[in-house]
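Chain by chain, the residues run as shown.
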Amino acid sequence: ILERSLRLLHPFMPFVTEEIWQRFGVGESIVVAPWPERHEEHVFEEEPGVEGGFRLLQEVITRIRQARSDYELPPQTPIGLAVPDGPLRLLLHEYDEPVRRMAGLSGIVVASGDADGEDTIRLLVGATQLRLQPGAGFDPAVALARLSRKLAAGEADRAKAAAKLANPAFAEKAPVEVRAKVEAQVAELDRQVESLREQLAGLE
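None of these values were measured; they are calculated from a predicted model.

Scanning the protein chain from terminus to terminus reveals 8 helices and 4 strands. Each helix (α) and strand (β) of the protein chain, taken in turn from the N terminus, gives the series α-α-α-β-α-α-β-β-β-α-α-α. Residues classed as buried in the protein chain amount to 27% of the 204 residues present. Residue pairs at least 24 apart in sequence account for 66% of intrachain contacts in the protein chain once pairs closer than 6 positions are excluded. Here the protein chain displays about 14200 Å² of accessible surface, and carbon together with sulfur accounts for 57% of that area.

All right, on to the nonpolar core then. In this structure, Ile64, Leu81, Leu105 and Leu132 are the most contacted members of the largest nonpolar core, which totals 31 residues. Looking at this core, the element that brings in the most residues is helix α3 (residues 49–70), giving 6 residues. Residues in contact with Leu105, not counting those within four places in the same chain, are Ile64, Pro78, Ile79, Gly80, Leu81, Val99, Arg100 and Leu132.

Okay, the packing of helix α6 (residues 140–166) against helix α8 (residues 176–203) next. Where α6 contacts α8, the two axes come as close as 9 Å, and the packing angle between them is 155°. Viewed along their axes, α6 and α8 adopt a mutual orientation that is roughly antiparallel. Note on packing geometry: the crossing formed by α6 with α8 is left-handed.

Let us now look at α8. The end-to-end C-alpha distance of α8 is 41 Å, a good match for the 40 Å that 28 residues give at a rise of 1.5 Å each. Where α8 is concerned, the buried positions are Val182, Val186, Leu189, Val193, Leu196, Gln199, Leu200, Gly202 and Leu203.

Time to look at the layout of surface pockets. In this structure, the second largest pocket occupies an estimated 270 Å³ of space. Forming the boundary of the second largest pocket are 14 residues, of which Arg63, Arg122, Leu123, Glu198 and Gln199 lie nearest the centre. It is α8 that provides the largest number of residues to the lining of the second largest pocket, a total of 5 residues. Residues belonging to the lining of the second largest pocket are distributed by class as follows: 5 nonpolar, 5 polar and 4 charged.

Counting across every chain of the model gives 6 salt bridges. A salt bridge links Arg100 to Asp96, with the shortest nitrogen-to-oxygen separation between them at 2.5 Å. With Arg100 and Asp96 both in helix α5 (residues 96–103), this residue pair falls 4 residues apart, about one helical turn. Residues Arg197 and Glu155 are paired through a salt bridge, measuring 2.9 Å at the closest nitrogen-oxygen approach. Of this pair, Arg197 sits in helix α8 while Glu155 sits in helix α6, and the two are 42 residues apart along the sequence. For Arg197, a relative accessible area of 42% translates into the label partly exposed.

Here the focus is the pairing of strand β3 (residues 121–125). Where burial is concerned, the two faces of β3 differ: the one with Ile121, Leu123 and Val125 is buried and the one with Arg122 and Leu124 is not. One ladder, built from 5 bridges, connects β3 with strand β4 (residues 128–133); its direction is antiparallel. Looking across to β4, one finds that Arg122 is bridged to Arg131. Counting the residues in the hairpin turn of β3 and β4 gives 2 residues, including Gly126, whose phi is positive at 65°.

Reading across from one edge, β2-β1-β4-β3 is the order of the 4 strands in this open sheet, with mixed pairing throughout. Both outer strands of the open sheet, β2 (105–110) and β3, are each paired with one neighbouring strand and no more. For this sheet, the mean inter-axis angle between neighbouring strands, taken without regard to orientation, is 25°. Pairing of strand β1 (residues 79–83) with β2, which is carried by 5 bridges, proceeds in the parallel orientation.

What counts as what
Residues numbered from 1 in each chain as written. Predicted model: local features only at pLDDT ≥ 70, side-chain atom pairs only at ≥ 80, totals over all residues. Heavy atoms only, no water. Helix = DSSP H or I, 4+ residues; strand = E, 2+ residues; numbered from the N terminus. Buried < 20%, exposed > 50% of the residue type's maximum accessible area, 1.4 Å probe, protein only. Contact = heavy atoms within 4.5 Å. Areas by Shrake-Rupley, 256 points an atom, 1.4 Å probe, with all protein chains shown as cover. Core = buried A, V, L, I, M, F, W, Y, C linked by side-chain atoms within 4.5 Å. Axes fitted to C-alpha atoms, helices over the stretch in contact; angles between N-to-C directions. Parallel < 35°, antiparallel > 145°, perpendicular 65-115°, else oblique. Left-handed = near helix turned anticlockwise from the far one by under 90°. Expected span 1.5 Å × (residues − 1). 1 Å grid on protein atoms, 1.4 Å probe; cavity = no way out; pocket = protein on both sides within 12 Å on 5 of 7 lines; lining within 4 Å. Points joined across faces, edges and corners; volume = space filled by probe spheres on them. Nonpolar A, V, L, I, M, F, W, Y, C, P; charged D, E, K, R; others polar. Salt bridge = Lys/Arg side-chain N within 4 Å of Asp/Glu carboxyl O. Pairing = 2+ DSSP bridges.

That's the geometry; what it means functionally is another story.
Here it is as structure tokens:
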């Protein structure tokens, strides 16, 4: 459907583009406008292009939303985000309003050294380490204790399921579908344990 719609719209694209240009009031006509200049300060070291840039923004928003769930941060409470100066910071600055709105952020600031590590949550996006600032209501010690308990329980469940798979009697006598179910359980527990370890690392 999308491909068909694009084919139908294709002949009208120049007119649509000109209409958008006129609505913004940036010049007489896009036909006679000068070619855009390249601004080196807005270029990534490995330039991701438009698609890559939006993937990065999507990952930032997704990680922040996931962190709210992982660390039990109320969805209605705005939280801050500190970003190291660099290409990702420039990208977030350019799309500041929609990112803040979709991620529920009170603001996006430039990270300023060790002070940003106090009562914050670390998030790794690509090669960039971001820091969430959840505010005064967040107690990292409480979160650390809760996650440690969940990790211990998850590791115990994983060990029990893995031991079942390693048992020769179970491997030989259990039906194929039963073994597959336990294997899937182990894989899911592996994922949960790894996620909990990442969450703990974000608090340390």
